[in-house]
Amino acid sequence: MPDETPNRPDPVRNPGGSTPGGAGEHSPLQARAAFLANWNWESVIRHNRGVCERGRAQHGKNSESFTAVGREWEERRLVATTLGETLDYLRTCHRRAPFLFFNGNTFADIARTFSDYLFAELQHGRRREATSVVAHYVAGVLDRESMAQILEELCQAADFQPGDRVKTLRGSLRGVILRVLPDGRVAWRADSGAELVALPESLLRVTR
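Values in this document were obtained by computation on a predicted structure and should not be read as measured data.

Novice: Would you take a moment to explain the overall build of the protein for this structure?
Specialist: Across its full length, the protein carries 6 helices and 7 strands. Listed N to C, the secondary structure of the protein is β-α-α-β-α-α-α-α-β-β-β-β-β in terms of helices and strands. Summarising the internal contacts of the protein: among those between residues at least 6 apart in sequence, 65% fall at separations of at least 24. Counting every atom, the protein has about 10500 Å² of accessible surface; 47% of that belongs to carbon and sulfur.

Take a look at the structure:
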C-alpha cells in the first residue's frame, strides 16, 4: 500500500450551512488537494493484482483502455482537484475498466484510503460510513446526489435538541429526540415507539 503521509489534504471538519444533496461552498466535496499524489500508476497495478489474487481471478490488462487510462492517470495524479472531481474521475476509471477484473474494487479502495484521512476528525462510526459512501459511489452503487447528501449529513455537528427528527447512521431507524441527558447522550423515541439512548454522533439529523 502506498505511503499516505505526504501531500495529505486537510481533514474535513463540520462544514455547517451546506445544502443537502448539493455541493455548495461548505460541502465536503469541495475539499481540495492532490488526492492521488501517492498513487502512481504502478501502485494502482499492484493493488489490482492483490485484489485479483484475493478474489482468485486473473490479473491482466484490458488492451483497449489500459495504456490510455495509465497515461492519463500519471498526468492527473499530482494536480490538485476537489474531492468531488477526484471521486468522479475514479468512477470514470472504473467504467473504462483498464484491468480485466475488479476495476470497481481497485478504484473504490483508493478512494477509501485517502478518504479515511480526509474524514479523520469525524467520530469513528461516521468516519467509517463516510469512507464507505465514497467507495460505493466510485464502484457505481450510489448516485452522486445521494453520495453528496450522505456526506454532508455525516459532517454536520451532532448538536441535537428535543424535538429534532433524527435517524441512525444507515437510516434503518428514524425518530425524534426526547431530551439531552447530563452525560451528553440523547434519549430518543423511534417511530416504532421504542425509547432508546444513544451517543449524538451515532445519529444524523433528518433534513427532508
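There's plenty left to go through after this.
Novice: When you look at the layout of surface pockets in this model, what are you seeing that I'm missing?
Specialist: Regions of empty space are outlined by a rolling probe, equal in size to a water molecule, passed over the atoms. Counted as a void, the largest pocket has a volume near 160 Å³. Of all the elements in the fold, those that place two or more residues in the lining of the largest pocket are α5 (124-138) and α6 (144-155). Among the elements that line the lining of the largest pocket, the one with the most residues is α6, at 4 residues.

Novice: Looking at this structure, how should I read the packing of helix α1 (residues 41-54) against helix α2 (residues 66-76)?
Specialist: For any two helices packed against each other, one specifies the crossing angle of their axes together with the interaxial distance. Between α1 and α2, the shortest axis-to-axis distance is 9 Å and the interhelical angle comes to 130°. Considered as vectors, α1 and α2 are oriented oblique to each other. Two secondary-structure elements touch here, α1 through Trp41, Val44 and Ile45 and α2 through Phe66, Val69, Gly70, Trp73 and Glu74.

Novice: Even after reading the chapter, I still don't get the sheet that holds strand β4 (residues 174-180), so can you show me in this structure?
Specialist: Strands in a sheet are paired, the pairing made by backbone hydrogen bonds, and the direction either parallel or antiparallel. A sheet is described by the order of its strands in space; here 5 strands give the open sequence β6-β5-β4-β3-β7, paired in antiparallel fashion. Two strands close off the open sheet at either side, each with one partner strand: β6 (195-198) and β7 (203-205). The average angle at which neighbouring strand axes cross in this sheet is 45°, direction not considered. Two strands pair when backbone bridges link them, and strand β3 (residues 165-168) and β4 are joined in this way by 3 bridges, in the antiparallel orientation. Of the residues in β4, the one forming a bridge with Val166 is Gly175.

Novice: What should I look at first to understand the pairing of β3 in this one?
Specialist: When a strand is regular, its side chains alternate between the sheet's two faces. Between the end of β3 and the start of β4, which pair antiparallel, lie 5 residues, with Gly171 showing a positive phi angle near 75°. Here 3 bridges tie β3 to β7, and the two strands are oriented antiparallel to one another. In the sheet register, Thr168 faces β7, and the bridge partner there is Leu203.

Novice: I tried to follow α5 on my own but got confused; where do I start?
Specialist: For the α-helix, the turn length of 3.6 residues means that residues three or four positions removed from each other point alike. Its 15 residues place the ends of α5 22 Å apart at the C-alpha level, agreeing with the 21 Å of an ideal helix rising 1.5 Å per residue. Across the 15 residues of α5, 11 count as buried, placing the element largely inside the fold. When α5 is considered as a whole, its buried residues turn out to be Gly125, Arg126, Glu129, Ala130, Thr131, Ser132, Val133, Val134, Ala135, Tyr137 and Val138. For α5, the secondary structure elements touched by its buried residues are α3 (83-96), α4 (103-118), α6 and β7. The opening residue of α5, the one whose side-chain oxygen lies 3.0 Å from the backbone nitrogen of Gly125, is Gln123.

Novice: Even after reading the chapter, I still don't get the packing of aromatic side chains, so can you show me in this structure?
Specialist: For any pair of aromatic rings, geometry is given as the distance between the ring centres together with the angle between the planes. With the rule as written, the count across this model stands at 8 aromatic pairs. Summarising the aromatic geometry, the rings of Trp41 and Phe99 are spaced 5.6 Å apart at their centres and angled 15° between planes, so their arrangement reads as stacked. Of this pair, Trp41 sits in helix α1 while Phe99 sits in the loop between α3 and α4; the two residues are 58 residues apart in sequence, bridging distant segments of the chain. Taken as a pair, Trp41 and Phe99 share a single burial class, namely buried. Judged by centre distance (5.9 Å) and plane angle (45°), the ring pair of Trp73 and Phe107 falls under tilted. Placement of Trp73 in helix α2 and of Phe107 in helix α4 is noted, with a sequence separation of 34 residues between them. Across this residue pair, the class does not change: Trp73 and Phe107 are buried.

About the thresholds
- Residues numbered from 1 in each chain as written.
- Predicted model: local features only at pLDDT ≥ 70, side-chain atom pairs only at ≥ 80, totals over all residues.
- Heavy atoms only, no water.
- Helix = DSSP H or I, 4+ residues; strand = E, 2+ residues; numbered from the N terminus.
- Contact = heavy atoms within 4.5 Å.
- Areas by Shrake-Rupley, 256 points an atom, 1.4 Å probe, with all protein chains shown as cover.
- 1 Å grid on protein atoms, 1.4 Å probe; cavity = no way out; pocket = protein on both sides within 12 Å on 5 of 7 lines; lining within 4 Å.
- Points joined across faces, edges and corners; volume = space filled by probe spheres on them.
- Axes fitted to C-alpha atoms, helices over the stretch in contact; angles between N-to-C directions.
- Parallel < 35°, antiparallel > 145°, perpendicular 65-115°, else oblique.
- Pairing = 2+ DSSP bridges.
- Expected span 1.5 Å × (residues − 1).
- Buried < 20%, exposed > 50% of the residue type's maximum accessible area, 1.4 Å probe, protein only.
- Polar contact = N/O pair within 3.5 Å; in protein donor to acceptor, adjacent residues only side chain to side chain.
- Phe/Tyr/Trp six-rings, centres within 6.5 Å; stacked < 30°, edge-to-face > 60°.

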